[in-house]
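# Summary of structural features
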Amino acid sequence: MTTAPWRDPALPAAARVDDLLARMTLEEKTAQLYGVWVGAETDGEGVAPHQHDMTADYDWDELITRGLGQLTRSFGTAPVDPALGARALARAQRRIAEAGRFGIPAVAHEECLAGFTAWRATAYPVPLAWGAAFDPPLVEEMARRIGRDLRAVGVHQGLAPVLDVVRDPRWGRVEETIGEDPYLVGTVGAAYVRGLESAGIVATLKHFAGYASSAGARNLAPVRAGTREFADVTLPPFEMALREGGARSVMAAYTERDGVPASADPELLTGLLREEWGFTGTVVADYFGIGFLQTLHRVAGTPAETARLALEAGIDVELPTVKYYGETLVAAVREGLVDEDLVDRAARRVLLQKCELGLLDEDWRPEPAGRDAVDLDSAANRAVARRLAEESVVLLDNPDGLLPLSPDSRIAVVGPRAADALAMLGCYSFPSHVLTHHPGVELGIGIPTLLDALRTELPDAKVTFAEGCPVSDPDVTGFEEAVTRAAEADVCVAVLGDRAGLFGRGTSGEGCDVADLRLPGVQGELLDALVATGVPVVLVLLTGRPYALGRWHGRLGAVVQAFFPGEEGGPAVAGVLSGRVNPSGRLPVSVPRETGGQPWTYLQPPLGLAGEVSNLDPTPLYPFGHGRAYTDFAWEDFSDGAGEPEVPTDGSYEVSVTVRNTGARAGAEVVQLYLHDPVASVTRPDVRLIGYRRLELDPGDARRVTFRFHADLSAFTDRRGRRVVEPGALELRLSASSAEPRHTARVRLTGPVRVLGADRRLRCEAEVAEVSDT
């Protein structure tokens, strides 16, 4: 038998796909452009918005005779034993392949925002915790492990990472982001992409673009970001993740900007993404995002017009299930309403990706290796989860050295987050995302609470507990017991924070936006009551966003912030409290002083800073990049603290500093490099992060870190919409946070204004060298 050219792995992928497309009917081509969500609920109780009214009926057996583009969340819809799920997915893939003329399986995709969103899979810290760790190599290792677990059960594509930059901390999905700075988001996000892609999984960047800039912090509200904010804050993380990470898929955002929905924006999805940036992968719709063009955005009047707008813009795949790219699209093409070339364009991209994944090969088999013994929560996974959780805990304040806790003290643990395992998990973890719809089903993974972990950590301490109040209900009946326990103790550990959920069912998570940044419910009043006892209070926050803490500034013994630190978060936070772990996390988002005056991030031009023209002071209580430790670091031998050397607008300059651990215990310092541009043709942020390096040092040890600043890193979007490097004075500030500069180098860029293209430098390289004492 002669093998068809499209089956021949020796031929270039493009030639194989061209041969295959020429053989396919219109129905078979459109079948590659949608997914099917088997088992999804249609009664309004599902996990996605509008799931009940955006899901079309179909006959599975008849549908798959044409082929199928994607299978949606075989593991992430209901509790499925991993080994059984792998076998069920393989059977479904075999049926799909056998039903169609060409034997092509579907791409199986899953959520993997903070680990594989599947029953019994490791629940890692949320992305905001990745940002707090300032450790891209560790995030890459985590993503590699997630990717291997996805591959082990037959999954091909992961819907992560989220590269939205926080613009308003009231937004519910802050926990899903990496932080409020585009450089931090880009470098950590690119590391995640590299890890996932190294395991053979297609990483999907989301949400492209501007989703986090929604008006009033409301989920899915219009985006009113201006041209320069969009270009200089929103887009760079996506560009970095594509160029440095190698992501092969992008998810279009739900939102609109300046009246144009992202899912119907060819300038964004084709002009910028493909023609300017050179992206060659697939663009997928956010769940029901194509349908929203008709039902929510109202830029299309009919299903056929909806499909046309999405295809013209550049959306290749309708997710999560078929409605607009199926029979509706076929009929629209036949009636002349949609050009078949648009179908061919999208189908070619989908099939090229399937070819890359080996799904067009004649020897393809649906059963993944090791399917009979699947462990999605291995000891190695948990070790990485523990390390990332430990690195992400931020010690905000410890003015009198109350921490670490004395090992034999009387400790009152109080608060609604202390004894709840779900306090550790974000809304896209499987227990929070799916198990709430399956009461009675066990978590499937071990998640020590902070209370249990602290008792394990300090076995000689006398630890008592009182809940005090619920997370969000205005119930104060538990205050009396909580105050009594605190008054009897040497120290009170108040464990407060969020409950992750979806669409208003939590205090943090998708669709769980807030009006202001008060602690949820009556937790603030509980904290007041505990402080009033006179017993020193250690505030521990387990949250998905920052909360305003100015009300208690100067009244607390210590403040510890953890952003949903995952299944190993309890031992990680307990380790910080006991002193076993020297805290090294740094804030990826500013912690505000006041509950109002939002939105505010540190990326403010001069008029966004405190001034005499307003009585509102937006200066944060704890700035971006802030974090303390149980040891001290000296920053020595700064390389250039004098003069103003001239650097061409296409040149580079190095700044160096030696960091020495002058304390008595090992610890990690995060050296941060900020840019200050005193005068520019448009207003610029007062400071912005352009480089950083995490240094782990034993007592007495020192490392010299050198940052190689290139003029491209000073670029911004000018009044004509060009990305330019302007001549003029700059300051390079080596800092411990955005508000704590240690050393400043002044340079002057000389030469003409440079207009940059897609090949601009995105990263400030840092080199670390050993320092020997002489």
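Residues numbered from 1 in each chain as written. Predicted model: local features only at pLDDT ≥ 70, side-chain atom pairs only at ≥ 80, totals over all residues. Heavy atoms only, no water.

### Focus: the side chain of Asp 498
Within the secondary structure, Asp 498 sits in the loop between β13 (491-497) and α19 (523-531). With residues up to four places along the chain from it excluded, the contact list for Asp 498 reads Arg 417, Val 471, Thr 507, Ser 508, Pro 520, Leu 542, Thr 543, Gly 544, Arg 545, Tyr 547 and Phe 564. (Helix = DSSP H or I, 4+ residues; strand = E, 2+ residues; numbered from the N terminus. Contact = heavy atoms within 4.5 Å.)

### Structural notes on the side chain of Arg 7
When you line up the elements, Arg 7 lands in the segment before α1 (13-23). With no salt bridge to any partner, buried Arg 7 finds its closest opposite charge in Glu 362, at an N-O distance of 5.1 Å. A distance of 2.9 Å separates the side chain of Arg 7 from the backbone oxygen of Leu 360, its partner in a polar contact. Non-local contacts of Arg 7, meaning those with residues more than four positions away in its chain, are made with Arg 16, Phe 102, Gly 103, Leu 360, Asp 361 and Glu 362. (Buried < 20%, exposed > 50% of the residue type's maximum accessible area, 1.4 Å probe, protein only. Lys, Arg positive; Asp, Glu negative; His and termini not counted. Salt bridge = Lys/Arg side-chain N within 4 Å of Asp/Glu carboxyl O. Polar contact = N/O pair within 3.5 Å; in protein donor to acceptor, adjacent residues only side chain to side chain.)

### What about α19?
Listed as buried for α19 are Gln 523, Gly 524, Leu 526, Leu 527, Leu 530 and Val 531. One side of α19 holds all its buried residues, which, seen down the axis, span an arc of 155°. Buried positions along α19 lie against β11 (410-414), α18 (479-487), β13 and β14 (537-543). (Arc of directions from axis to C-beta.)

### Remarks on the packing of helix α6 (residues 136-152) against helix α7 (residues 182-198)
Where α6 meets α7, the closest approach of the two axes is 7 Å, and the angle between their N-to-C directions is 35°. Between α6 and α7 lies a crossing of right-handed hand. Note on element contacts: α7 touches α6 through Thr 187, Val 188, Ala 191, Tyr 192, Arg 194, Gly 195, Leu 196 and Ser 198, opposite Pro 136, Val 139, Glu 140, Met 142, Ala 143, Arg 144, Ile 146, Gly 147 and Leu 150. Along the lines of polarity and charge, the residues of the contact of α6 with α7 split into 10 nonpolar, four polar and three charged. (Axes fitted to C-alpha atoms, helices over the stretch in contact; angles between N-to-C directions. Left-handed = near helix turned anticlockwise from the far one by under 90°. Nonpolar A, V, L, I, M, F, W, Y, C, P; charged D, E, K, R; others polar.)

### Brief notes about the pairing of strand β21 (residues 702-710)
Among the nine residues that make up β21, seven are buried, leaving the element largely enclosed by the rest of the structure. The pairing of strand β18 (residues 652-661) with β21 spans nine bridges and is antiparallel. The residue bridging Arg 660 from the neighbouring strand is Ala 702, located in β21. As paired elements, β21 and strand β27 (residues 765-770) share six bridges and run antiparallel to each other. (Pairing = 2+ DSSP bridges.)

### What about the nonpolar core?
Tyr 192, Phe 208, Tyr 325 and Leu 549 are the most contacted members of the largest nonpolar core, which totals 213 residues. The element best represented in this core is α7, accounting for eight residues. If we skip the residues at most four places from it in the chain, Phe 208 touches Leu 235, Phe 238, Val 250, Met 251, Ala 252, Ala 253, Ala 262, Leu 268, Leu 269, Leu 272, Leu 273 and Trp 277. Core analysis: the second largest hydrophobic core is formed by 36 residues, Ile 411, Leu 458, Ala 461 and Val 493 among them. (Core = buried A, V, L, I, M, F, W, Y, C linked by side-chain atoms within 4.5 Å.)

### Section: the sheet that holds β27
Spatially, the four strands line up as an open sheet ordered β16-β18-β21-β27, and their pairing is antiparallel. A strand with exactly one partner marks an edge of an open sheet, and here the two such strands are β16 (633-636) and β27. Ignoring strand direction, the axes of neighbouring strands in this sheet form an average angle of 25°.

### Regarding the sheet that holds strand β24 (residues 728-735)
The five strands lie next to each other as β17-β25-β24-β19-β20, forming an open sheet whose pairing is mixed. Strands with a single pairing partner mark the edges of an open sheet, and in this sheet they are β17 (646-648) and β20 (688-697). Going across the sheet, the axis of each strand differs from the next one's by a mean of 30°, ignoring polarity. When β24 meets strand β25 (residues 741-750), the two strands line up antiparallel, connected through eight bridges.

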